[in-house]
Amino acid sequence: MLFQPHLYSTRLSGPMELVIVQNYNSVLTLSHLYQSADALLVHENDAIHKICAQLMNIKKISFRDVNQVIAHQLGSVFQPTYSSEGASQYSRSPLGDLMESLVPHPEFKMLSLRNIPQMSENSLAYSTFTWPGLIKHLRQMLIANAKMEEGIDWQVRPPLPGQPVPPNASANKALHFNTSIANLAVLRGKDVQSVDLGGFRDPALYTSWLNPQEAFKVWKTPRAFNKYEKSASLVSNSQFLLKLMDNIVGKAWNMFASKAYVHQYTKFGIEEEDFLDCFTTLEQVLSSYASL
């Protein structure tokens, strides 16, 4: 019997969302998906909106624009590639290969996706890219938990070998360095076989309980993607969502403690015990990722 992995791609609300019960909805949705899916590929609404405005130069952003950016990012990963060095044919099970590469433990299922470059067609016509530049930016985006190449914090560095972990590190504190469990790079375009990816194999990027050589995988194809001569994507299982998810859970809990809008859910069969179960699930997820 063939095993069919279940990957859900979901958008997560941020501060720009104006629905009063958005945090309730996020908690209920994420907790249920976390228990039924093998992995969640999370897109943050605010980050996608910034890509549309700042990188794509879209003045009036529509749902179509947002969905096109997400579709571009997903396509940059799931279009055919060679999933191993020396492979003679494209991967026949990219979803299964992705799960095998990025989800080594059922407690850790949150995946993020970064893709560079992304720009308007007008800008693309006058732009050139080099692999060293793309890889340098993509690595720093991972380390500093940046969602796009503009505004990367270049001051963030991996911890030095032997440096002790601060005893008070928790999900409630802003995490400057984004610790990874596993990463998958997907490279598309000319000269792809000559790209140096040694920076992604640095043990300092990863949790101590997984061999860095096993924690990083790469897929490649010389075929260009969506008019970009060279493009690079990174799918990561990391602490990327800690700060946002802790904020969402905290706000939802404050509302729940005062019973705000709970009646809107109970009349549709969602009881207070269901809320408590969902809070418990996400608090465990937060605790697990914070401990990396």
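Look up: the structure comes first, before these words.
Residues numbered from 1 in each chain as written. Predicted model: local features only at pLDDT ≥ 70, side-chain atom pairs only at ≥ 80, totals over all residues. Heavy atoms only, no water.

Remarks on the environment of Ser208
Line of reasoning, step 1. Considering the arrangement of structural elements, one finds Ser208 in the loop between β4 (180-189) and α7 (212-215).
Line of reasoning, step 2. A relative accessible area of 74% means that Ser208 is categorised as exposed.
Line of reasoning, step 3. Separated by 28 residues in sequence, Ser208 and Ser180 have C-alpha atoms that sit 9.9 Å apart. (Helix = DSSP H or I, 4+ residues; strand = E, 2+ residues; numbered from the N terminus. Buried < 20%, exposed > 50% of the residue type's maximum accessible area, 1.4 Å probe, protein only.)

Digging into the packing of aromatic side chains
Line of reasoning, step 1. Summed over the entire model, instances satisfying the criterion amount to eleven aromatic pairs.
Line of reasoning, step 2. Both rings, one in Phe108 and one in Trp209, keep their centres 5.8 Å apart while their planes meet at 35°; by these two values the pair is tilted. Of this pair, Phe108 sits in the loop between α4 (94-102) and β3 (110-116) while Trp209 sits in the loop between β4 and α7, placing them 101 residues apart in sequence.
Line of reasoning, step 3. According to the relative accessible area criterion, Phe108 is buried, its value standing at 7%.
Line of reasoning, step 4. Given a relative accessible area of 41%, Trp209 falls into the partly exposed group.
Line of reasoning, step 5. On the basis of an interplanar angle of 85° and a centroid distance of 5.3 Å, the ring pair of Tyr265 and Phe275 is categorised as edge-to-face. Residue Tyr265 is found in helix α9 (residues 263-266), and its partner Phe275 is found in helix α10 (residues 272-290); the two are separated by ten residues along the sequence.
Line of reasoning, step 6. For Tyr265, a relative accessible area of 10% gives the class buried.
Line of reasoning, step 7. Note on Phe275: relative accessible area 1%, which makes it buried. (Phe/Tyr/Trp six-rings, centres within 6.5 Å; stacked < 30°, edge-to-face > 60°.)

A look at the packing of helix α1 (residues 22-36) against helix α8 (residues 242-257)
Line of reasoning, step 1. Their axes nearest at 8 Å, the elements α1 and α8 cross at an angle of 115°. Relative to α8, the element α1 lies roughly perpendicular. For the pair α1 and α8, the crossing hand works out as left-handed. Contacts between α1 and α8 involve Asn23, Tyr24, Ser26, Val27 and Leu30 from the first element and Met245, Ile248, Val249, Lys251, Ala252, Met255 and Phe256 from the second.
Line of reasoning, step 2. Of the residues belonging to the contact of α1 with α8, the class tally is nine nonpolar, two polar and one charged. (Axes fitted to C-alpha atoms, helices over the stretch in contact; angles between N-to-C directions. Parallel < 35°, antiparallel > 145°, perpendicular 65-115°, else oblique. Left-handed = near helix turned anticlockwise from the far one by under 90°. Contact = heavy atoms within 4.5 Å. Nonpolar A, V, L, I, M, F, W, Y, C, P; charged D, E, K, R; others polar.)

A short note on the environment of Ser258
Line of reasoning, step 1. With respect to the secondary-structure elements, Ser258 resides in the loop between α8 and α9.
Line of reasoning, step 2. Take Ser258: its relative accessible area is 53%, and that puts it in the exposed class.
Line of reasoning, step 3. Only 3.5 Å separates the side chain of Ser258 from the backbone oxygen of Asn254, close enough to count as a polar contact.
Line of reasoning, step 4. Within the local environment of Ser258, its side chain forms a polar contact with the backbone oxygen of Met255, the two atoms lying 3.0 Å apart. (Polar contact = N/O pair within 3.5 Å; in protein donor to acceptor, adjacent residues only side chain to side chain.)

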